[in-house]
Each structure stands twice: as C-alpha cells, then as structure tokens.
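Structural description and commentary
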Amino acid sequence: MSSDADKNAAPPLPEPLRIPVADSHTHLDMQSGTVEEGLAKAASVGVTTVVQVGCDINSSRWAADTAAAYESVHATVALHPNEAPRIVHGDPDGWSRQGARKPGGDAALDEALAEIDRLAALPQVRGVGETGLDYFRTGPEGKEAQERSFRAHIEIAKRHGKALVIHDREAHADVLRVLKEEGAPERTVFHCYSGDAEMAEICARAGWFMSFAGNVTFKNAQNLRDALAVAPLELVLVETDAPFLTPAPYRGRPNAPYLIPVTVRAMAAVRGIDEDALATALAANTARAFAY
Ligand SMILES: [Zn+2]
Ligand SMILES: [Zn+2]
C-alpha cells in the first residue's frame, strides 16, 4: 500500500559502495536534518566526501563556513545564474523564492561579485560556481545580467586557480561560446550534465569534467546515457544536486548524498563496467577536479 506519506519519505539506505566516492555537487543547506546527520548517513554507504555548492551570498558564506568546520566537505561559491538577474532587476517570483529584492542595478551585482571574489580566496573553497546560463527559469530580460555574471565568475575562478562549476540549463551553445570567448579555467565542471553525446565530445576534447546527476536514471533521459557512454572515464563525476533530481526508483522523493550509490550503479550499467572500477575513477576524478 502506498500513501502520500510514503511518496514524501526519505528513500531507504542503499547497499554501501565498496570504494568510497564523493558527491561532487550538493546543497546540504536545502536538505532536512543536520549537517552531521547528512554526512554520517552518506559516509555509512561510502559517500565520504561532498562538495557543498553556494548559490547566493548567504549560501556561499554558509558553504565556506561548513567546509571550514568539516574535513569531508569542500565548498564552492557563486551567484547562481538565476540569482544574478534578480540582483540587477529584482524578481518577486524568482527561483530562490526569498521574496522580492530591491532592484540594485549593475552596481549591486558588482558588490555581490566582490564578496564572491573574497570567499573564493579561502583555502576550503575549491571552486567557483554554480554559475553559467539558465534559459529555462530566466527569461530573455535576464540574459544580459546572467552572461555578465558568468564572465565575472570565470575570471574569479582563473585568478584564484579554482575549479569552475557550470550550471547550463537549455543554454548549451551560449555556455560554450562564453567559455571560448573568456577562456575556460584549467579545471571546469559541467554540473548536472545535460548535453548530448555530441556535446560530450566537445567537453572531452577540452578536458572538461561532466558530472552526472540522478536524472541519468530517468526513463526519458536516453540522451544523457548516450553522453555518459562516450565521455572519457577520467572526466566523469557523479553528484546528487540534492535535494533535487532523486534517482529512479525514488524520483520525486527527497534526495541527499547517501543516495549516490543508486546513481553510481546505474552509471556502471550504462558503461558496462563494474561498480568498483567506476567508483575508483569517480573518486580520483573528483579529487582532481577540485584539487583536494
Ligand atoms: Zn544547477
Ligand atoms: Zn546545484
């Protein structure tokens, strides 16, 4: 018998991975329970490291503080591509649902970027992101602010020698164009990789990491599995993007780093390699991507 309560309940603990891996992109601050509980639950199934991702000034500060407090947490800091236009124009129906902000213009964006720049210098901050372009949630009126913010984040990542974490939603061509125009940092990660196999080949030639999330398990996501199948093993990462994108068969229920093994097993099946071999590669790749 199933009920609404079951549908909202946390999925059960998967069988532990034998080789520990990292969740390369998570939002612990949006998940239920304490950080300690989340990390302990993840570690109990072999997810021993997480990359905590900032999306605005507050969550970036929180990510930096949390990474300073926990050995197993690394931070990235940024203004999310849906956040940048909100700082410039204000947007009461915005992505973070924190209510309307007073439109602050370009000066407000510059001020926010200066804080990201300051945080990016911290040793426990291993990356700058998530930044990029999102044409799904942000309309054409926000494009200019998004692109300006994306370019600034690329510059910050390069100057501090940190990884660049890219959020690319329905904006593949423009993300690739801006990266080419600015010159990508040495270590660049496409988080929640959403391109096709052809784009995976472009990323592979450039040496960019492709991080696969729970949506690689979705029935309608054959394009992602095709991309995963052709991506060089040494450029593949795994992430939850929790609390979003819970892998099948738990789609729609709350996601958290402890569910990484579910996605790892699905990915191993796509690549036709065993779970331990994939986990070994994922662990090494994430450490290389974020230089920890
Ligand atoms: Zn994202
Ligand atoms: Zn994210």
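Look up: the structure comes first, before these words.
Residues numbered from 1 in each chain as written. Chains lettered and ligands numbered in written order. Predicted model: local features only at pLDDT ≥ 70, side-chain atom pairs only at ≥ 80, totals over all residues. Heavy atoms only, no water.

**Things to note about the pairing of strand 3 (residues 73–77)**
In regular strands, side chains alternate between the two faces of the sheet. Counting buried positions along strand 3 gives five out of five residues, so the element sits mostly inside the fold. With burial as the criterion, each face of strand 3 is covered, one bearing Val73, Ala75 and Val77 and the other bearing His74 and Thr76. Direction of pairing for strand 2 (residues 47–53) relative to strand 3: parallel, over a ladder of four bridges. The partner of Val51 across the bridge, within strand 3, is His74. For the crossover that starts at strand 2, traverses helix 3 (residues 57–69) and ends in the parallel strand 3, the hand is right-handed. Pairing analysis gives three bridges linking strand 3 to strand 4 (residues 125–134), with the strands arranged parallel. Residue pairing across strands places Thr76 opposite Gly127, the latter belonging to strand 4. (Buried < 20%, exposed > 50% of the residue type's maximum accessible area, 1.4 Å probe, protein only. Helix = DSSP H or I, 4+ residues; strand = E, 2+ residues; numbered from the N terminus. Pairing = 2+ DSSP bridges. Right-handed = clockwise from strand over helix to strand, strands pointing away.)

**A look at a negative patch on the surface**
A contiguous patch of negative charge, built from Asp196, Glu198, Glu201 and Asp226, is present on the exposed surface. Among the secondary structure elements, Asp196 is positioned in the loop between strand 6 (188–191) and helix 8 (197–206). Given the relative accessible area of 36%, Asp196 is considered partly exposed. (Patch = residues over 30% accessible without salt bridge, like charges linked within 9 Å, V, L, I, M, F, W, Y side chains within 5 Å. Areas by Shrake-Rupley, 256 points an atom, 1.4 Å probe, with all protein chains shown as cover. Salt bridge = Lys/Arg side-chain N within 4 Å of Asp/Glu carboxyl O. Lys, Arg positive; Asp, Glu negative; His and termini not counted. Charge placed at Lys NZ, Arg CZ, Asp CG, Glu CD.)

**Overview of the coordination of the zinc ion (ligand 1)**
Ligation of the zinc ion (ligand 1) by protein atoms is provided by Glu130 (OE), His167 (ND1) and His191 (NE2), these donors lying 2.0 to 2.1 Å from the ion. Here the zinc ion (ligand 1) and the zinc ion (ligand 2) are spaced 3.6 Å apart, and both take Glu130 as a donor. With Glu130 in strand 4 and His167 in strand 5 (residues 163–169), this pair connects stretches of sequence that are 37 residues apart. Under the relative-accessibility criterion, Glu130 is labelled buried at 2%. Since its relative accessible area comes to 11%, His167 is described here as buried. (Donors = N, O, S within 2.8 Å, 3.2 Å for Na, K, Ca; no water.)

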